[in-house]
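In case you want the letters, here they are:
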Amino acid sequence: MRRRTAAALVAAIVLAAGGCGGSAQEGAKTVDPQAKVKLTWWTGQTADAEKVLEGLAAKFTQQHPNVTIEVSSGASTTDDLLQKLSAGFASGVYPDISYAFGSWASQLQESGKTLDLTEKVKDPAVKWAEFPEAARSTATPNGQVIGFPAIVDNLSLLYNKKLFDAKGVAYPTDEWTWDDFRAAAKKLTDPAEKIYGTAYSVSASEDTTWHFWPLLWQRGGSILSQDQKKAAFNSQAGVDALEFLRAMAVDDKSVYLDQTDERYAPLFADGRIGMIINGPWSLYDLKQKKTDYGVAFLPGTNGDHQTVSGPDLWTLFDNGDANRAYWSFELIKWLTSAEGDAQWNLTQGNLPLRNSETKLPEYEKYVKEYPGVEKMVANLANAKQARPTVSGYVEMSRHVGEAIAKAMQGAAPPKQALDEAAQKSAVALAGG
């Protein structure tokens, strides 16, 4: 399964494509649904998940024998897909469909190589409104739909019951405040045993940054200005949010600071960390480790328990062939239907793309197999805002991640760190 961290390269996609602007159209307009077509699909998945998609592609081609699908991961890691796509746009050789992190959406749309699906998703058969709002928004950069949601998720609070029981600390509830969270983390921390109350990534990747957004939003802050051309995260709300994290890390010393993104989840599974803020992708490993864990909504501020969702996309590209465009759309429409998604995301432990899936028998099996996942499904309702999809987001995110890392390691005061990040982000956000 793909990594959530998305430490994406800022590839010069627009330049590679020779310009920017609206999405490409479907080439020739005449579609012959019976014509033989070959589609190239880059999945961005690791080996086990790749096999599942290969099986689903085979099932689709059995139903449509005129369609051949060449399925591959596309790159050695999901992060590398952005650079690979950029190179493909420059050479004129790129896939019909590719997995893409949601933070790449504007860059891909501005390449001029994506299909414009805005009108096609209005077809009632697509049931576009069933996808969560954050996912639909991510798939619609600059007002144009460029693909379908591939994975939806959110950050929830996971806690290790064994550690809570050992320290006599009450389990988290959905009504917890951040002060409750901080107090529990202090009680759970045991320096002699190298046990930490909680953890935070300070790698300066997107994993660092997106964990910060809920604390900002709950305090009434915004990531960007209303016109999305300037930083707004360095408001008082942002400073207060980062000061809270700094105090836990530097003053309380209750936070395991992960320099890699990769260590905190395994340490939680092994009982070395009491609480982590993480998503459904962690449940498979927790099940394998037989970790006794629980799941709750994020702690809140003044009753606001907003979380952040990180929708990723199946992005469709124009190769100048109307038949390939037609079947690319049909394939992903089928894959992301309630029945198709039950064979893909539910089998992987991911959240369902559509609420209607909760009525399927596969969903009953899913919630039994992954304890606590129903809480994460319910938590989608707390994902009220989407991360920006502007082309400057990837660069801005890196600067914000660096600011968080500095503050949490005592290297800079929160206000100074965030102001510097805003200044460094200015050119990218202005479209430079």
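Just above, that's the structure.
**Q** Looking at this structure, I do not really get the overall build of the protein. What am I missing?
**A** In terms of helices and strands, the protein carries 18 helices and 10 strands. Expressed as lengths along the three principal axes of its C-alpha atoms, the size of the protein is roughly 70 × 50 × 35 Å. For the protein, with 432 residues in total, the buried portion stands at 58%. Surface exposure of the protein reaches about 17,100 Å², of which carbon and sulfur atoms provide 51%. Of the charged side chains in the protein, 44 are positive and 52 negative, and the gap between their average positions amounts to 2 Å.

**Q** I'm lost on helix H17 (residues 393-408) in this one. Help?
**A** Counted at 1.5 Å a residue, the expected span for H17 with its 16 residues is 22 Å, and the 22 Å between its end C-alpha atoms agrees. In terms of burial, H17 is a largely internal element, 12 of the 16 residues being buried. All of the buried residues along H17 are Tyr393, Val394, Met396, Ser397, His399, Val400, Gly401, Ala403, Ile404, Ala405, Ala407 and Met408. At the C-terminal side of H17, Gly410 shows a positive phi close to 75°.

**Q** Help me out: how do you make sense of the side chain of Thr43 in this one?
**A** Checked against the element boundaries, Thr43 lands in the loop between strand S1 (37-42) and helix H2 (47-63). Taking relative accessible area as the criterion, Thr43 reaches 0% and is therefore assigned buried. Separated by 2.5 Å, the side chains of Thr43 and Glu50 make a polar contact. Apart from residues no more than four positions distant in its own chain, Thr43 is found in contact with Glu50, Leu53, Val71, Ser72, Ser73, Tyr99 and Trp314.

**Q** Looking at this structure, how should I read the pairing of S1?
**A** For a regular strand, the rule is simple: side chains alternate between the two faces of the sheet. Among the six residues that make up S1, five are buried, leaving the element largely enclosed by the rest of the structure. Pairing analysis gives six bridges linking S1 to strand S2 (residues 67-72), with the strands arranged parallel. Paired with Val37 across the strands is Val67, a residue of S2. At this point the chain moves from S1, through H2, to the parallel S2, and the crossover so formed is right-handed. Bridge analysis of S1 against strand S3 (residues 97-100) gives two bridges, and the strand direction is parallel. Within S3, the position partnered with Trp42 by the bridge is Ser98.

**Q** Any chance you could explain the sheet that holds strand S4 (residues 147-151) here in plain terms?
**A** Across a sheet, paired strands are connected by hydrogen bonds in the backbone, their directions being either parallel or antiparallel. The mixed open sheet is built from five strands, whose spatial order is S2-S1-S3-S10-S4. Every interior strand has two partners, whereas the edge strands, S2 and S4, have only one. Shown here is a sheet whose adjacent strand axes are inclined to one another by a mean of 20°, direction ignored.

**Q** In this structure, what is going on with the environment of Lys36? I would like to understand it.
**A** Assignment of secondary structure puts Lys36 in the loop between helix H1 (13-16) and S1. Residue class for Lys36 comes out exposed when judged on its relative accessible area of 73%. Put simply, Lys36 and Leu353 are 317 residues apart on the chain and 30 Å apart in space, counted from C-alpha to C-alpha.

**Q** Which parts of the structure should I look at to understand the environment of Val308?
**A** With respect to the secondary-structure elements, Val308 resides in the loop between strand S9 (293-296) and strand S10 (312-316). On a C-alpha basis, the gap between Val308 and Val239 in space is 19 Å, while along the polypeptide they are 69 residues apart. If we skip the residues at most four places from it in the chain, Val308 touches Asp153, Asn154, Leu155, Trp210, Pro214, Trp217 and Arg387.

**Q** Teacher, can you tell me more about the packing of aromatic side chains here?
**A** Here a ring pair, both rings aromatic, is described through the centre-centre distance and the interplanar angle of the planes. Counted according to the given criterion, the structure contains 25 aromatic pairs. Pairing Tyr196 with Tyr256 gives two aromatic rings, centres 5.6 Å apart and planes at 65°, and the pair type is edge-to-face. Remark: Tyr256 occurs in strand S7 (residues 255-258) and Tyr196 occurs in the loop between helix H7 (178-188) and strand S6 (198-201); sequence separation between them is 60 residues. Tyr256 gets classed as buried once you look at its relative accessible area, which sits at 16%. Taken together through their ring pairs, the aromatic side chains of Trp41, Tyr99, Phe101, Trp104 and Trp314 make up a single cluster. Of note, Lys287 hangs over the ring of Tyr370, and the distance from its end group to the ring centre comes to 5.4 Å. One Lys or Arg, Arg354, reaches over the ring of Phe131 and ends 4.1 Å from the middle of that ring.

Definitions and limits used
Residues numbered from 1 in each chain as written. Predicted model: local features only at pLDDT ≥ 70, side-chain atom pairs only at ≥ 80, totals over all residues. Heavy atoms only, no water. Helix = DSSP H or I, 4+ residues; strand = E, 2+ residues; numbered from the N terminus. Buried < 20%, exposed > 50% of the residue type's maximum accessible area, 1.4 Å probe, protein only. Areas by Shrake-Rupley, 256 points an atom, 1.4 Å probe, with all protein chains shown as cover. Lys, Arg positive; Asp, Glu negative; His and termini not counted. Charge placed at Lys NZ, Arg CZ, Asp CG, Glu CD. Expected span 1.5 Å × (residues − 1). Polar contact = N/O pair within 3.5 Å; in protein donor to acceptor, adjacent residues only side chain to side chain. Contact = heavy atoms within 4.5 Å. Pairing = 2+ DSSP bridges. Right-handed = clockwise from strand over helix to strand, strands pointing away. Axes fitted to C-alpha atoms, helices over the stretch in contact; angles between N-to-C directions. Phe/Tyr/Trp six-rings, centres within 6.5 Å; stacked < 30°, edge-to-face > 60°. Lys NZ or Arg CZ within 6 Å of the ring centre and 35° of its normal.

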